[in-house]
Amino acid sequence: MKNPFSYTGIVKGDAFCNRQTEQTDLLKFIKGSQNVLLYSHRRYGKSSLIYQLFKRVQRQRLPIDTLYVELYGTLSEKEFVSAILAGLNQIESRLEKLVNRVKGALTSVKLGMSIDPVTGSPGVAVSFDTGYNETILGDVLGLLDRFSEKRKLMVVFDEFQEIAGYRQEGFEKRLRAIIQQHGNISYFFCGSQRHILTEIFTVQNRAFYKLAQSYPIDKIETRYYVPWARKLFMKRGKKIKAEIIEEIVNRCENHPMYVQQFLFYLWENKDTALSMETVDRIELKILQSSHNEFLNLWESLTINQKKTLKLIIYTDGKDMFYANALQTVDLYAGSQVTRSLDKLLRDDIVLKNADYKIQDVMFKKWIQTFLWK
Ligand SMILES: Nc1ncnc2c1ncn2[C@@H]1O[C@H](COP(=O)(O)OP(=O)(O)O)[C@@H](O)[C@H]1O
Ligand SMILES: [Mg+2]
């Protein structure tokens, strides 16, 4: 039997754990054509949840069409518009029909057929006749509005924080002005860079202020992981003690991707009796597999930021500003820490609730394992 666990990309079917409350809540917003700002840290499962919602909409035969627009890597308004157009075959799969509909609404854009060189599946190729001009944004979104006249539409902009990098004048304002008029479309703005998204959506003088219902998604609770993982192992006739799964979930601090990665390796493990040593070995393997990524991240930090991370580990994020705590990592002034923390918080490397915390549990363990002197 194929390993059911997966830690890259969207997880579907059996590999998808719970998120029942989220699905119920979000379906209500979709049915009511509300806009949603769906955010979480990276790899918590936003895209997988969206996929799951699409499936639900289909299974329940709701009269709602869905459009998923991946914005990761888009650098300009033109690329934003192209990403929407390239996804339109999700709503109308008959390309000829689609081309005709688009032809009527957009004069300077041409759609053709393309074949994905990797998967071989057909897609939509977009070309602009006379270069890009700003009226195209309105035309393309107007097309979505038109699609939504017959059937409601759910439009997902994944990795929406990318728009913060576009340089086109007034893009946010124009986008908002158009979206606001679409009564039959539920727009989902998804992303992971919290400070960028909150700046876009909650700063009063920004265009998107109060345009969407905010919906943060959290990690998955242990009580859901345990029966889910055990069931998948049982399918292979392998009984795993609840304690082992709990231990794994704890070590990953409930982080969805790391839990999956851990379970993936556990599935591949050939030990006849599973013990904590097995779990230890798998953890080390995970740290090693992320070595390059963590090293790059570490090397991108300033010396004071590095010291601040060590300080957080050393103090467990509490009472960090005491002189004796600072001295353990060769910092001498609280102001050095404050400045470093500002940047680390902005970059989502560190979180602050009551205490400070390194966001990525494996990054923290990696520092402890490989850099702890
Ligand atoms: N509901 C879930 N159940 C189990 N694992 C999940 C779930 N959601 C996400 N994951 C794990 O997290 C990884 C990242 O999920 P993804 O949906 O790409 O997150 P995001 O879009 O937030 O970055 C997946 O590859 C999977 O390993
Ligand atoms: Mg995603």
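Residues numbered from 1 in each chain as written. Chains lettered and ligands numbered in written order. Predicted model: local features only at pLDDT ≥ 70, side-chain atom pairs only at ≥ 80, totals over all residues.

A.B. asks: Any chance you could break down helix H5 (residues 135–150) for me, citing the residues and the numbers?
C.D. replies: Along H5, the positions that sit buried rather than exposed are Ile136, Leu137, Val140, Leu141, Leu143, Leu144, Phe147 and Ser148. All buried residues of H5 fall inside an arc of 140° around its axis, so they share one side. Facing away from the buried side of H5, by more than 90 degrees, are the exposed residues Arg146, Glu149 and Lys150. (Buried ≥ 20, exposed ≤ 12 C-beta atoms within 10 Å, placed from the backbone. Helix = DSSP H or I, 4+ residues; strand = E, 2+ residues; numbered from the N terminus. Arc of directions from axis to C-beta.)

A.B. asks: Can you explain the sheet that holds strand E5 (residues 152–158)? Please cite residues and give values.
C.D. replies: The strand order E2-E5-E6-E1-E7 describes an open sheet built from five strands, whose pairing is parallel. With one partner strand each, in any of the chains shown, strand E2 (64–70) and strand E7 (213–216) form the two edges of the open sheet. With strand direction ignored, the average angle separating the axes of adjacent strands in the sheet is 20°. Strand direction decides the pairing type here: E5 and strand E6 (residues 185–191), joined by five bridges, are parallel. When the sheet's bridge partners are listed, Met154 is paired in E6 with Ser186. H5 contacts E2, E5 and E6 of the sheet and is inclined by roughly 145° relative to E5. (Pairing = 2+ DSSP bridges. Axes fitted to C-alpha atoms, helices over the stretch in contact; angles between N-to-C directions. Contact = placed C-beta atoms within 7 Å.)

A.B. asks: Describe the packing of helix H13 (residues 303–315) against helix H16 (residues 361–370), listing the residues and the values that go with them.
C.D. replies: In contact at an axis separation of 11 Å, H13 and H16 are set at 90° when each is read in the N-to-C sense. When the interaxial angle is binned, H13 and H16 end up roughly perpendicular. From H13, Leu309, Lys310 and Ile313 reach across to H16, where they touch Lys364, Ile367 and Gln368. Residue classes in the contact of H13 with H16 are distributed as three nonpolar, one polar and two charged. (Parallel < 35°, antiparallel > 145°, perpendicular 65-115°, else oblique. Nonpolar A, V, L, I, M, F, W, Y, C, P; charged D, E, K, R; others polar.)

A.B. asks: Now, about the site of ligand 1: what can you tell me, with residues and values included?
C.D. replies: Every one of the 20 residues lining ligand 1 counts as a neighbour, but Cys17, Gly45, Ser47, Ser48 and Gln260 are closest to it. Elements that contribute at least two residues to the shell around ligand 1 include exactly helix H2 (46–59) and helix H10 (256–268). Broken down by class, the residue content of the shell around ligand 1 amounts to eight nonpolar, eight polar and four charged. (Near = placed C-beta within 6 Å.)

A.B. asks: Mind laying out the pairing of E5, listing which residues take part and the relevant values?
C.D. replies: Judged by how many residues are buried, E5 sits mostly within the fold: seven of seven residues are covered. Residue alternation in E5 divides its side chains into two sets, Lys152, Met154, Val156 and Asp158 and Leu153, Val155 and Phe157, and both sets are buried. As judged from the seven bridges shared by E2 and E5, these two strands associate in the parallel manner. Considered in E5, the bridge of Tyr68 is made with Val156. Read from E5 through helix H6 (residues 171–179) to E6, the crossover connection turns out right-handed. (Right-handed = clockwise from strand over helix to strand, strands pointing away.)

A.B. asks: Account for the nonpolar core, naming residues and giving values.
C.D. replies: By size, the foremost hydrophobic cluster in this structure holds 50 residues, and its most contacted members are Val155, Val156, Phe157, Phe188 and Cys190. Here the element with the most residues in this core is H5; it accounts for seven residues. Excluding residues within four positions of it along the chain, Val156 makes contact with Ile50, Leu67, Tyr68, Val69, Phe188 and Cys190. Phe5, Ile220, Leu232 and Tyr258 belong to the second largest nonpolar core, which has 20 residues in total. (Core = buried A, V, L, I, M, F, W, Y, C linked by C-beta atoms within 7 Å.)

A.B. asks: So what about H16? Which residues, and what values?
C.D. replies: Listed as buried for H16 are Met362, Lys365 and Trp366. Projected down its long axis, H16 shows its buried positions confined to an angular sector of 105°, all on one face. On its buried face, H16 sits against H10, helix H11 (276–289) and helix H12 (291–299).

A.B. asks: Before we move on, can you summarise the domain arrangement of the protein with the specific residues and values?
C.D. replies: Buried accessible area, meaning the area lost when the parts come together, often serves as the stated size of an interface. Under the domain assignment used here, the protein contains domain 1 (16–216), domain 2 (222–289) and domain 3 (292–370). Computed over C-alpha atoms, the centres of domain 1 and domain 3 are 36 Å apart. (Domains from an automatic or database assignment.)

A.B. asks: So what's going on with the packing of H5 against H6? Residues and values would help.
C.D. replies: In the contact formed by H5 and H6, the axes pass within 10 Å of each other and the chain directions differ by 25°. The pairing of H5 with H6 is recorded here as roughly parallel in orientation. Viewed along their axes, H5 and H6 form a crossing whose handedness is right-handed. Along its contact with H5, which presents Leu137, Gly138 and Leu141, the element H6 presents Arg174, Leu175, Ile178 and Ile179. Taken together, the residues that form the contact of H5 with H6 break down as five nonpolar, one polar and one charged. (Left-handed = near helix turned anticlockwise from the far one by under 90°.)

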